[in-house]
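Observations on the three-dimensional arrangement
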Amino acid sequence: MKREVTKAIFPVAGLGTRFLPATKSVPKEIMTLVDRPLIQYAIDEARAAGIEEFIFVTSRGKSALEDYFDVAPIIEADLRAKGKTELLEILKATDMDSGAIAYVRQQKALGLGHAVWCARRLLGDEPFAVLLPDDVIAAEKPCLQQMMEAYAETGGNMVATMEVPMDKVSSYGVLDVAEDMGAIVRAKGMVEKPKADVAPSNLAVIGRYILTPRVMDNLHARKVGAGGEIQLTDAIAQEIVNSNDVYGFRFRGQRFDCGSKAGFLQATVAFGLARDDLNEEFSQYLGEIVAMRQAAE
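Quick look at the structure, then. (Residues numbered from 1 in each chain as written. Predicted model: local features only at pLDDT ≥ 70, side-chain atom pairs only at ≥ 80, totals over all residues. Heavy atoms only, no water.)

Brief notes about the packing of helix α9 (residues 261–273) against helix α10 (residues 279–296)
Heads up, the rule is: Each axis is a line fitted through C-alpha atoms, taken for helices only over the stretch in contact, and angles between the N-to-C directions span 0 to 180 degrees. The numbering of helices and of strands both runs from the N terminus, where a helix is a DSSP run of H or I of at least 4 residues and a strand a run of E of at least 2. Reported orientations rely on four angle classes, namely roughly parallel under 35 degrees, roughly antiparallel over 145, roughly perpendicular from 65 to 115, and oblique for the rest. Note on contacts: a residue pair qualifies if any of its non-hydrogen atoms lie within 4.5 Å across the two residues. Amino acid classes used here: Ala, Val, Leu, Ile, Met, Phe, Trp, Tyr, Cys and Pro are nonpolar; Asp, Glu, Lys and Arg are charged; the rest, including Gly, are polar.
Two elements in contact, α9 and α10, have axes whose closest approach is 8 Å; the angle formed by their N-to-C orientations is 135°. As summarised for this structure, α9 and α10 are arranged oblique, according to the angle between their axes. Residues T268, V269, G272 and L273 of α9 touch α10, and the partners they reach there are N279, F282, S283 and L286. Of the residues in the contact of α9 with α10, the class split is four nonpolar, four polar and no charged.

Rendered as structure tokens:
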């Protein structure tokens, strides 16, 4: 019997050094795409998938992230007094019920697998989801919700996957495919950041996971992998050996790597153009910029 997934881990302990100096005082996860922080996109996706308990693995200097999900009585009172009901509803959508969020500290940066392991005591013997807020996915049906529907058929462990150019595979965990069933593939191996000439495929793992408690047991061994870090990929790959129940899921949507400056800018443009209130003015401006560049050339 497949157990319902109601808990999710959000690893947010990274320093965000690629976005310095902004991240000197602002956690990367609350940097905004248009007017919503990266973490809000991840939370909304998790909610849509039925997640009820949200576990944040944080580090020193992330207090602004914790405050973001608290109530804001002064702002609410001001909006209410001015009759700005639409903004009030937008603000309330960021609130989280008391007890719905828990925070644990990752005191040393020992890798994604270690960050997930830090949340072990809050999970019990339950399956759980992992969402990396750096990966923002624009989709008609949220990515994790798509995965939950597929997981209802397969059970086991599931990772979100997408094809990437072979010269990019060294930046990802990559699946070795045993059986390709279309949207769902069964994995016979997983390799963390392989070189292009030895990569088993170009099917890369991106930041959405549904995992069994056994993966947490594997992480407990604290085995060091690629880059001298404790890799989540290695702990998942162990379940291919143990149980042969690891699946990749080709989600429907567009993924933006908001951990990079280029990806963040691309996402900003895409999400800006998708907004009815911004599309006309923003697309006109972008057209003018392109025309100016072409004229200059």
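So much for the structure itself; the text now carries on.
Topic: the side chain of T161
As a reminder, the rule being used: Only protein chains enter the calculation, and the probe is 1.4 Å; a residue is then buried if its accessible area is under 20% of its type maximum, exposed if over 50%, and partly exposed in between.
With respect to the helices and strands, the residue T161 is situated in strand β8 (residues 157–163). Taking relative accessible area as the criterion, T161 reaches 1% and is therefore assigned buried. For T161, the contacting residues outside a window of four places in its chain are L175, L203, A204, G248, F249, R250 and F251.

What to know about the environment of S25
Locating S25 in the fold gives a position in the loop between β1 (7–11) and β2 (32–33). With 42 residues separating them along the chain, S25 and D67 place their C-alpha atoms 14 Å apart.

What about the packing of aromatic side chains?
Put simply, the rule is: Any two of the Phe, Tyr and Trp rings considered here, Trp counted by its six-membered ring, make a pair once their centres fall within 6.5 Å; the pair's planes then place it as stacked at under 30 degrees, edge-to-face at over 60, or tilted in between.
What the rule picks out here adds up to eight aromatic pairs. Relative to F271, the ring of Y41 lies with its centre 5.1 Å away and its plane at 70°, an arrangement referred to as edge-to-face. Of this pair, Y41 sits in helix α1 (residues 38–48) while F271 sits in helix α9; the two residues are 230 residues apart in sequence, bridging distant segments of the chain. Residue classification places F271 among the buried residues on the basis of a relative accessible area of 15%.

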